[in-house]
Amino acid sequence: KFHLNDQDGGKAQMRANIDAWWPHVQACVEAIVMNASGCGVTVKEYGHILRDEPEWATKAEHISSLTKDLSELLPELVPVLQGKVSPEPKLAFHPPCTLQHGQQLKGGVERHLGDLGFDIQVSRSEAHLCCGSAGTYSVLNPGIAHTLRDRKLGHLGELQAGTIVSANIGCITHLQSGTDTPVRHWVEVLDAALQPARP
């Protein structure tokens, strides 16, 4: 039986992931790209979490060193995509805790999407605070989680944007449960804005 706080179960999953990725790593993979910041922040910690396991420590550290959040690719992608994007009208961005605090990646999504012509803004109040999702927190503490969600949506609503974007599936699902405004991953919005290639 799996328990949400079962550290051994969590480490077993980490080892299984390393085993699954390792053949690709040996074939000269340049990066392991995560499109969910909650996953990325954890994989970046594999080396630390498994540091006392001789059989796994070196592999885990290497996996962590290869791991990148999808937003870390934007500096390379922006010059390639410039002029090929029809940006959607105003976007409100919720930077997940796992992105801005856990991975210390603050401001990149907004800056680089802005370079592509998107009008993307973070809330003027409490943009640094959690939306209430926080992994299993919203399941185990729904009352507080919904209070945080509604407070976050109130601040995002002040931006009067047609779409809310974020970078973590937990945040996206949690925020969407409290609003009729579409909540999407920023890369979905970017993909939809890409102009079809000319024949």
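Look up: the structure comes first, before these words.
Thresholds, definitions, all that
- Residues numbered from 1 in each chain as written.
- Predicted model: local features only at pLDDT ≥ 70, side-chain atom pairs only at ≥ 80, totals over all residues.
- Heavy atoms only, no water.
- Helix = DSSP H or I, 4+ residues; strand = E, 2+ residues; numbered from the N terminus.
- Rg over C-alpha atoms; globule rule 2.2 N^0.38 Å.
- Buried < 20%, exposed > 50% of the residue type's maximum accessible area, 1.4 Å probe, protein only.
- Contact = heavy atoms within 4.5 Å.
- Areas by Shrake-Rupley, 256 points an atom, 1.4 Å probe, with all protein chains shown as cover.
- Lys, Arg positive; Asp, Glu negative; His and termini not counted.
- Charge placed at Lys NZ, Arg CZ, Asp CG, Glu CD.
- Polar contact = N/O pair within 3.5 Å; in protein donor to acceptor, adjacent residues only side chain to side chain.
- Pairing = 2+ DSSP bridges.
- Axes fitted to C-alpha atoms, helices over the stretch in contact; angles between N-to-C directions.
- Phe/Tyr/Trp six-rings, centres within 6.5 Å; stacked < 30°, edge-to-face > 60°.
- Right-handed = clockwise from strand over helix to strand, strands pointing away.
- Salt bridge = Lys/Arg side-chain N within 4 Å of Asp/Glu carboxyl O.
- Core = buried A, V, L, I, M, F, W, Y, C linked by side-chain atoms within 4.5 Å.
- Disulfide = S-S within 2.5 Å.

**Structural notes on the overall build of the chain**
Here comes step 1: Helix and strand counts for the chain come out as 11 helices and six strands.
Here comes step 2: Expected size for 199 residues packed as a compact globule is a radius of gyration near 16 Å; at 18 Å, the chain falls within 12% of this value.
Here comes step 3: Along the longest, intermediate and shortest principal axes, the C-alpha atoms of the chain span 50 × 50 × 25 Å.
Here comes step 4: Relative to its full complement of 199 residues, the chain shows a buried share of 39%.
Here comes step 5: Put simply, 73% of the contacts in the chain that link residues at least 6 apart link residues at least 24 apart.
Here comes step 6: Accessible surface for the chain amounts to roughly 11000 Å². Of this, 54% is attributable to carbon and sulfur atoms.
Here comes step 7: Averaging the coordinates of the 17 positive side-chain charges in the chain and doing the same for the 22 negative ones gives two points 3 Å apart.

**Some details on the side chain of Ser-166**
Here comes step 1: Along the chain, the position of Ser-166 falls in strand 5 (residues 163-166).
Here comes step 2: Within the local environment of Ser-166, its side chain forms a polar contact with the backbone oxygen of His-94, the two atoms lying 2.8 Å apart.
Here comes step 3: Those residues in contact with Ser-166 that sit more than four places away from it in its chain are Phe-93, His-94, Pro-96, Cys-171, Ile-172, Arg-184, His-185 and Trp-186.

**Looking at the sheet that holds strand 3 (residues 91-93)**
Here comes step 1: With respect to topology, four strands assemble into an open sheet ordered 4-3-5-6, the strand pairing being parallel. The sheet is open, and its two borders are formed by strand 4 (120-122) and strand 6 (183-185), each paired with just one other strand. Sheet twist, expressed as the mean angle between neighbouring strand axes with direction ignored, is 35 degrees.
Here comes step 2: In the packing of helix 10 (residues 169-176) onto the sheet, contacts are made with strand 5 and strand 6, and the angle to strand 6 comes to roughly 170 degrees.

**So, the packing of aromatic side chains**
The geometry of an aromatic ring pair is captured by the separation of the ring centres together with the interplanar angle, meaning the angle of the planes.
Here comes step 1: Taken as a whole, this structure holds one aromatic pair when the rule is applied.
Here comes step 2: Relative to Tyr-46, the ring of Trp-21 has its centre 6.3 Å away and its plane inclined at 20 degrees; by these criteria the two rings are stacked. Of this pair, Trp-21 sits in helix 1 (residues 7-26) while Tyr-46 sits in helix 3 (residues 46-49), placing them 25 residues apart in sequence.
Here comes step 3: In this structure Tyr-46 comes out as buried when scored by relative accessible area, which is 3%.

**Re the pairing of strand 5**
Here comes step 1: The two faces of strand 5 match: Thr-163 and Val-165 on one face and Ile-164 and Ser-166 on the other face are all buried.
Here comes step 2: The parallel pair strand 5 and strand 6 is bridged by helix 10, and the resulting crossover is right-handed.

**What about helix 10?**
Here comes step 1: Residues of helix 10 that are buried include every one of Cys-171, Ile-172, His-174 and Leu-175, and no others.
Here comes step 2: Looking at the buried positions of helix 10, the neighbouring elements they touch are helix 8 (137-140), helix 9 (142-157), strand 5 and strand 6.

**Overview of the pattern of salt bridges**
Here comes step 1: Counting across every chain of the model gives five salt bridges.
Here comes step 2: Ionic contacts of the salt-bridge type, sharing partners, join the residues Lys-11, Arg-15 and Glu-53 into one network.

**Description of the environment of Trp-21**
Here comes step 1: Residue Trp-21 is classed as partly exposed on the basis of its relative accessible area, which comes to 23%.
Here comes step 2: For the pair Trp-21 and Ile-32, spaced 11 residues apart in the sequence, the C-alpha separation amounts to 8.7 Å.

**Side note on the nonpolar core**
Here comes step 1: By size, the foremost hydrophobic cluster in this structure holds 19 residues, and its most contacted members are Leu-113, Phe-118, Ile-120, Trp-186 and Leu-190.
Here comes step 2: Among the secondary structure elements, those contributing two or more residues to this core are helix 5 (74-81), strand 3, helix 7 (108-115) and helix 11 (186-193).
Here comes step 3: No other element matches the four residues that helix 11 contributes to this core.
Here comes step 4: In this structure, Tyr-46, Leu-50, Trp-56 and Ala-60 belong to the second largest nonpolar core, which totals 13 residues.

**Topic: the state of the cysteines**
Here comes step 1: Scanning the model with the defined rule gives zero disulfides in all.
Here comes step 2: With no disulfide partner, Cys-131 has as its closest neighbouring cysteine sulfur the one in Cys-171, 3.9 Å distant.
Here comes step 3: You can call Cys-131 buried: its relative accessible area is 1%.

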